[in-house]
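A look at the structure
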Amino acid sequence: MIRVAIVGTGGIASACHLPALRAQAHRAEVVAAVDVDEARVKAFCAEHRIPVAYTSLEAMLERERPNLVHICTPPHLHAAQAVECLRAGAWVWIEKPVCRSLAEYDLISSAELDAFASVVSQHRFGSGVRHLRAIAPELGRALVALCVTAWYRDHAYFDVPWRGKWATEGGGPTMGHGIHQMDVLLSVLGEWTEVRAMTGTLDRRVETEDVSMAIVRFSSGAMASVVNSVLSPREESYLRFDFSAATVELRHLYGYRNADWTSASPLWNPPEDVPSSHEAQLAELLNAFERGEAPPMSGPEGRQALELITGLYASAFMGKPVFRSDLAVDHPFYHRLDGGTWS
């Protein structure tokens, strides 16, 4: 059995990670949970029949020796916790956003010696996206795409102390919400080369943006329009891909099945109906663990969405186009997504 620990016992752990783990109970067992709030972690463990509760990640790693750690804490904690787990020999599966900057991501990658880090990117693993990637070469040249995350988060949502702040959340809806759709965009269209963007803080009482818009050029020549919002009362996640021979569209909210996709192409016929979910990605991660090979959404693949987000913020703040090749270690936005430095 693969020994699993959960770090951070908030809503995402209960709603997404534990159901995914239950579906893999034949080969993975949750042996411990960690949270700085002792009462909360004990209640979490009691509710979900997890044997041991910890308030110290270090103590848990030393005593339980997990094979895999699910990191479900606020974004500003991810990098340090992931590095600590990796150095202890445990694989990590990190909730989005994976961390606050490319610098932090590269720090995590440098700690992958005897273990791997993978990023939660569940929408890549539904049958719809898998099928689109498989048939894309037969649909002709990719030309135009639309990528819209029109979600709604009220003022109270940002009362949680770490939300809406550069130092703790790392960014606004571009970073924490639209990352899902942008990751699918990248998985289909591949490497981007140039981005031109604007951000705004129009209505919410936050440091970060509450809306962003961008135009992205890909190495293939394809172009995409990207919108990220938490100000949209009618919520929708929308992706449209126009190839030279067909259009493929996806309309959903927080997860999709095959019924959420449309295309007039006779090639569009997914052979199975697998919803996008943590469960679908976790199954692939555990397969990789059992084979002893790098899991999906690790290394350069796990870095893709964060690279585009970095370029988007850099373009918006600097008021000029940003090229992917610009984002080297000496670029100010490599270290922090508002161009500043961590205190």
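Below, the structure is looked at part by part.

Residues of helix H5 (residues 102–110) that are buried include every one of Leu 102, Glu 104, Tyr 105 and Ile 108, and no others. Buried residues of H5, viewed axially, fall in a sector of 160 degrees; they line one side. Here the buried face of H5 lies against helix H4 (75–87), strand E5 (91–94), strand E6 (117–119), helix H10 (299–318) and helix H11 (332–335).

Pairing in this open sheet of six strands is parallel, and the strands run E3-E2-E1-E4-E5-E6 from one edge to the other. Every interior strand has two partners, whereas the edge strands, strand E3 (52–54) and E6, have only one. Ignoring strand direction, the axes of neighbouring strands in this sheet form an average angle of 25 degrees. When strand E2 (residues 28–34) meets E3, the two strands line up parallel, connected through three bridges.

A few words on the sheet that holds strand E12 (residues 247–252). The strand order E13-E12-E11-E7-E10-E9-E8-E14 describes an open sheet built from eight strands, whose pairing is mixed. Looking at strand neighbours, the two that pair on one side only are strand E13 (261–263) and strand E14 (322–323), the edges of this open sheet. Examined bridge by bridge, strand E8 (residues 192–200) and E14 share two bridges and lie antiparallel to one another. Residue pairing in the sheet places Val 195 in a bridge with Val 322 of E14. Across the face of the sheet, helix H6 (residues 127–135) comes into contact with strand E11 (231–243), E12 and E13 while running at roughly 30 degrees to E13.

For Glu 194, the position within the fold is in strand E8. Classification of Glu 194 by relative accessible area gives buried; the value is 8%. Each residue touching Glu 194, except ones within four places of it in the same chain, is listed here: Ile 215, Val 216, Arg 217, Pro 321, Val 322 and Phe 323. A distance of 2.9 Å separates a polar atom in the side chain of Glu 194 from a polar atom in the side chain of Arg 196.

Put simply, H6 and helix H8 (residues 179–189) touch, their axes get as near as 9 Å, and they point 25 degrees apart. Judged on the interaxial angle alone, H8 and H6 are roughly parallel. Viewed along their axes, H6 and H8 form a crossing whose handedness is right-handed. Of H8, the residues touching H6 (which contributes Val 129, Leu 132 and Arg 133) are Val 184, Ser 187 and Val 188. Partitioned by chemical class, the residues of the contact of H6 with H8 number four nonpolar, one polar and one charged.

Before going further, it helps to examine the pattern of salt bridges. This model, assessed by the stated rule, comprises 23 salt bridges. Among the ionic pairs, Arg 196 bridges to Glu 194, the shortest N-O distance being 2.9 Å. On the accessibility criterion, Arg 196 (47% relative accessible area) is partly exposed. Note that Arg 257 is salt-bridged to Asp 273, the shortest N-O span being 3.5 Å. With Arg 257 in the loop between E12 and E13 and Asp 273 in the loop between E13 and helix H9 (278–291), this residue pair connects regions lying 16 residues apart in the sequence. Note on Arg 257: relative accessible area 40%, which makes it partly exposed. For Asp 273, a relative accessible area of 39% translates into the label partly exposed.

Here is what the cut-offs are and how they apply
Residues numbered from 1 in each chain as written. Predicted model: local features only at pLDDT ≥ 70, side-chain atom pairs only at ≥ 80, totals over all residues. Heavy atoms only, no water. Buried < 20%, exposed > 50% of the residue type's maximum accessible area, 1.4 Å probe, protein only. Helix = DSSP H or I, 4+ residues; strand = E, 2+ residues; numbered from the N terminus. Arc of directions from axis to C-beta. Contact = heavy atoms within 4.5 Å. Pairing = 2+ DSSP bridges. Axes fitted to C-alpha atoms, helices over the stretch in contact; angles between N-to-C directions. Polar contact = N/O pair within 3.5 Å; in protein donor to acceptor, adjacent residues only side chain to side chain. Parallel < 35°, antiparallel > 145°, perpendicular 65-115°, else oblique. Left-handed = near helix turned anticlockwise from the far one by under 90°. Nonpolar A, V, L, I, M, F, W, Y, C, P; charged D, E, K, R; others polar. Salt bridge = Lys/Arg side-chain N within 4 Å of Asp/Glu carboxyl O.

That is the geometry; function is a separate question.
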